[in-house]
Each structure stands twice: as C-alpha cells, then as structure tokens.
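# Descriptive structure summary
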Amino acid sequence: MNGVHDMGGMHGMGPIEREEHEPVFHHEWERRAFALTMAAGFLGEWNIDMARHARERIPPARYLASSYYEKWLLGLETLLAERGLVTRDELVTGRPRGRSSPGRVLKASDVGRVLLKGGPARLPERVPPRFKPGDRVVAKNVNPVGHTRLPRYARGKRGVVDRDYGVFIFPDAHAMGLGKKPQHLYGVRFAARELWGPDASPGDAVYVDLWDDHLDPA
Amino acid sequence: MSDHHHDHASEPGSPLAETDLRVRALESLLVEKGLVDPAALDAVIDTYETKVGPRNGARVVARAWVDPAFRARLLADATAAIAELGYMGRQGEDMVALEDTPKVHNLVVCTLCSCYPWPVLGLPPVWYKSAPYRSRAVLDPRGVLREFGVELGDDVEVRVWDSTSEMRYLVLPERPAGTEGMSEEALAQLVTRDSMIGVAKVTPPARGGPR
C-alpha cells in the first residue's frame, strides 16, 4: 500500500535526533508493549508480515504522530481484534468476557530457546531463479493496496542484480493470507542517479532486497 | 538531542499516561484470557535489556579484524560465522556482512519499518526508527553522514542498504590505523553501534588511552 510508512526519499521530516547513552526502553509501558507483541506473536495467529501490515494500516496522521512502541501497540490491538482473540469491547473496558483457547502460549522457560531459534523466512523449496547476479532488471511499477516490500522510490527504476540470496517467503502474499509463495530474493543495486536524478552523487548506489515477483528483465 | 530522560508516563492526563494505562489494561486482559504469561514477558524484556546488544556485534568485528580466516568466513556466510560466536536467532536469521574499504562506505536503513540485526546489535535506537532517518538515508546519505560527523570524499562510493527483506545487515567497519598490536578484547571496545550501522567510523584510541 502507498502508505506514509513507505518514506524513503521524503523531505520535511526534520533533523535526526540522537540521544547519548540511550536506554533500550524509555518507559515501563514500552517494555511491556514490546514483550506483549513478541508473546502474542508466538500464539501463531498471524505472521511477521501481517504484523508489519497492521502497523502500516495505522491512519497516516496518527502513524506520524505516534512513537515507535505506540505503533506496535496499535498494531497489536488491531491484530488481536481482527483474529477474534479479544473484542473491541474488551479492549475498551479491559475486562475479559471469558478465556480464549490459544494454540500455544509462550512460557518463560521457552523464551531463550524461541528467541535463539528465530523465525526463518528462508525456505527449502527448490524454485528456479528468474535472474542471476549481473542481470539488468527493472522494478515493476505497481501500486498494490495490500502489503508490499517494494518501496515506491524503486518502482519503475532500473537496477542490476547484485546477489541471489536464495528462496524466501514472499511477504507481499504472506501478509495478505495468500501463503508463502516461495521465490528467489535478490539484492538489487540501483545507481543513486537512476533513483534520484543528476543531483545524486555519481558513484553512489542503493541496494534494495526484492523478490522475483517485483522484477522484470530490463 | 531529544529529551527522553524523564518518564512523563506518570503525569496524569498526559498522552503517555493514557498509553501507559492502555498497555497495563491490555496486559491484564491478555493474562486473564490465558493468552500471555507475564513471566515470559519479563524474560523477553530481560533478554533485550541485558543479554543482547551491540557488544555482540563489536566482538564479531574485532574477531574479523584479527583473524583473516574468520573475516573470510564472515564475508562469505555471515550467518554461520556470527553463529560461531553464539549469536543467532530472532531478527538475525539471515545475516550479511558489508565490508567497508577506503573506497566503499556502507550504510544500513529500513525505509519501510525498522528492520535491524537484533542478535548482534540489540534493539534499534530511536533515531534509526525515526522518520527523519528512514526518509533521508536513501535520498541523501552523504548529508545524513555529515550530520553524524562523517565527511566522505568524492572518491568514496556510498552504498545504502535498504532492509526490505528478512536479510539483516552488519557493517564491518575499517580497522583504524594505530591499533596494531591491540588485543581482540581491546579492539572490541573501540567498535561502536553506530559504526556497525554505518553512520560512524571507528576511531583509534586517544594516545595514552586504554590498551
């Protein structure tokens, strides 16, 4: 979706504000919102691409006005309600109307193992690659209303396949409940001048990770 | 510098107080419904506050600086090489190391969200997740680097890596001159988080500084 989250190349966002000796979390509620998101994700009711898409669907004005973990909280509430794990009424009142029957609940004793294992997006499927390193490609000019990992600034631009990372889940399908759609993922090199015009530095480049379905031969 | 030092969450009526209440309510709701275990939340928080952070990545970089065979393995298969040091898992399932040279400077961003290599760098700082960095890193990397105090010549190629997939990028910065003979442990102390994102160079220790 052409959301405000897709902000590569935008102007006017202000200076980059850094903080010396920044803590991992700034408030207790940030700790809890982070951990709740991780633990709720473990229930298996949605995947990471759906979680990203839930945050992207925050209305633009609110997205820009929200801090990072506020966005996580909003995304989590959306997913819980959409999956029927909690009702909007329960979210408002904070009072449960009966217990849910979750498939799996993250236990403290499993946290270390679960985090070390991670959630690999790499797939064992043998899918032939459509491109190989050195191939000239053009990123598709598409404007899907759903989730996509093809940023607007790269659409319609010409690049060169730098490396083939192997077969991965295709997030654009996975986020929408359309399965994993296994396909090759590539690091694609775009010259800065191809993306931004003659004012860009001549030798500089932006590398974007893109999948077979994002690319056409150029 | 932003003012994040004071916890305004306790001020009644402030938006943060509302958010604080909202998170508390959500946690108690999910616990009562049997969906989350509060002890697991504590364990998750403890992992990212005390166990995982940029010191992990600094050890990877220092090892690559002193051990050419490890460096070669890191550049060929970063996931496996980093796992040799015990760092793996969530948000670092597939790693790529980006080698800085006198002619190439690498910079990592996630324009679409906040993708970041957790096992080696921990959770990202606020600026990395902010609209100013996400919007400008791809368009004006040299301007961004200047704001961070890094001035690059025209003969240096800037490569910006937009983390749009589950590949996670770790910059392998250049080893500064004047560090010959330093131990791996001492070298790791020089390596900053920002140098592994690509917004800083690693600077040699001040004369008479730590060895």
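Residues numbered from 1 in each chain as written. Chains lettered and ligands numbered in written order. Predicted model: local features only at pLDDT ≥ 70, side-chain atom pairs only at ≥ 80, totals over all residues. Heavy atoms only, no water.

Now for helix α1 (residues 15-32) of chain B. With 18 residues, α1 of chain B should reach 26 Å at 1.5 Å per residue; the first-to-last C-alpha distance of 26 Å fits that figure. Taken as a whole, α1 of chain B has its buried residues at Leu16, Ala17, Thr19, Asp20, Val23, Leu26, Glu27, Leu29 and Leu30 of chain B. As for α1 of chain B, its buried residues are in contact with α1 (28-42), α4 (68-82) and α5 (88-93) of chain A together with α2 (38-51) of chain B. Backbone geometry just downstream of α1 of chain B places Gly34 of chain B in the positive-phi region, at approximately 80°. (Helix = DSSP H or I, 4+ residues; strand = E, 2+ residues; numbered from the N terminus. Expected span 1.5 Å × (residues − 1). Buried < 20%, exposed > 50% of the residue type's maximum accessible area, 1.4 Å probe, protein only. Contact = heavy atoms within 4.5 Å.)

With that settled, the discussion passes to the packing of aromatic side chains. Residue and element names in this part refer to chain B. This model, assessed by the stated rule, comprises 20 aromatic pairs over all chains. With 5.3 Å between their ring centres and 75° between their planes, Tyr48 and Trp118 make a pair best called edge-to-face. Of this pair, Tyr48 sits in helix α2 while Trp118 sits in helix α6 (residues 118-121), placing them 70 residues apart in sequence. Assigned by exposure class, Tyr48 and Trp118 land together as buried. (Phe/Tyr/Trp six-rings, centres within 6.5 Å; stacked < 30°, edge-to-face > 60°.)

All right, on to the nonpolar core then. By size, the foremost hydrophobic cluster in this structure holds 129 residues, and its most contacted members are Phe34 and Trp46 of chain A together with Tyr48, Val60, Leu74, Ile82 and Tyr133 of chain B. Examining the composition of this core, we find that 9 residues originate from one element, α1 of chain A, more than from any other. Two domains each put at least three residues into this core: domain 1 (28-116) and domain 2 (136-217) of chain A. Other than its neighbours up to four places away in sequence, Tyr48 of chain B contacts Val24, Phe34, Met38 and Leu115 of chain A together with Arg90, Trp118 and Leu123 of chain B. Counting residues in each nonpolar core, the second largest holds 6 residues, with Met7, Ile58 and Tyr63 of chain A together with Ala131 of chain B among its members. (Core = buried A, V, L, I, M, F, W, Y, C linked by side-chain atoms within 4.5 Å. Domains from an automatic or database assignment.)

Turning our attention to the domain arrangement of chain A. Residues and elements named next belong to chain A. Looking at chain A, the domain boundaries give domain 1 (28-116) and domain 2 (136-217). A straight line from the C-alpha centre of domain 1 to that of domain 2 covers 29 Å. Listed per partner, the contact involves 6 residues of domain 1 and 9 residues of domain 2. Regarding the contact of domain 1 and domain 2, the summed buried area is about 610 Å², with carbon and sulfur atoms giving 52% of it. On the surface where domain 1 and domain 2 come into contact, there are 0 salt bridges. Our count for the domain 1 to domain 2 interface comes out at 3 residue pairs in polar contact (both at pLDDT 80 or more). Considering only residue class, the side of domain 1 that touches domain 2 consists of 1 nonpolar, 2 polar and 3 charged. (Buried area = accessible area lost by both parts, 1.4 Å probe. Salt bridge = Lys/Arg side-chain N within 4 Å of Asp/Glu carboxyl O. Polar contact = N/O pair within 3.5 Å; in protein donor to acceptor, adjacent residues only side chain to side chain. Nonpolar A, V, L, I, M, F, W, Y, C, P; charged D, E, K, R; others polar.)

Okay, unusual backbone geometry next. All names here are of chain A. The backbone of His21 shows a phi angle near 50°, a positive value even though the residue is not glycine. Looking at where His21 falls in the secondary structure, it is placed in the segment before α1. Taking relative accessible area as the criterion, His21 reaches 75% and is therefore assigned exposed. Backbone geometry at Lys181 places phi at a positive 45°, although glycine is not the residue there. Position of Lys181 among the secondary structure elements: in the loop between α7 (171-174) and β3 (183-191). Lys181 gets classed as partly exposed once you look at its relative accessible area, which sits at 45%.

A separate point is the pattern of salt bridges. Inspection of every chain in the model, using the stated rule, returns 32 salt bridges over all chains. Among the ionic pairs, Asp6 of chain A bridges to Arg152 of chain A, the shortest N-O distance being 3.3 Å. Of this pair, Asp6 of chain A sits in the segment before α1 while Arg152 of chain A sits in the loop between β1 (136-139) and β2 (158-168), placing them 146 residues apart in sequence. The class of Asp6 of chain A is buried, set by a relative accessible area of 3%. Lys103 of chain B is paired through a salt bridge with Asp155 of chain B; the nearest N and O atoms lie 2.7 Å apart. Here Lys103 of chain B is found in the loop between β1 (94-99) and β2 (104-109), whereas its partner Asp155 of chain B is found in the loop between α9 (141-147) and β3 (157-162), with 52 residues between them in sequence.

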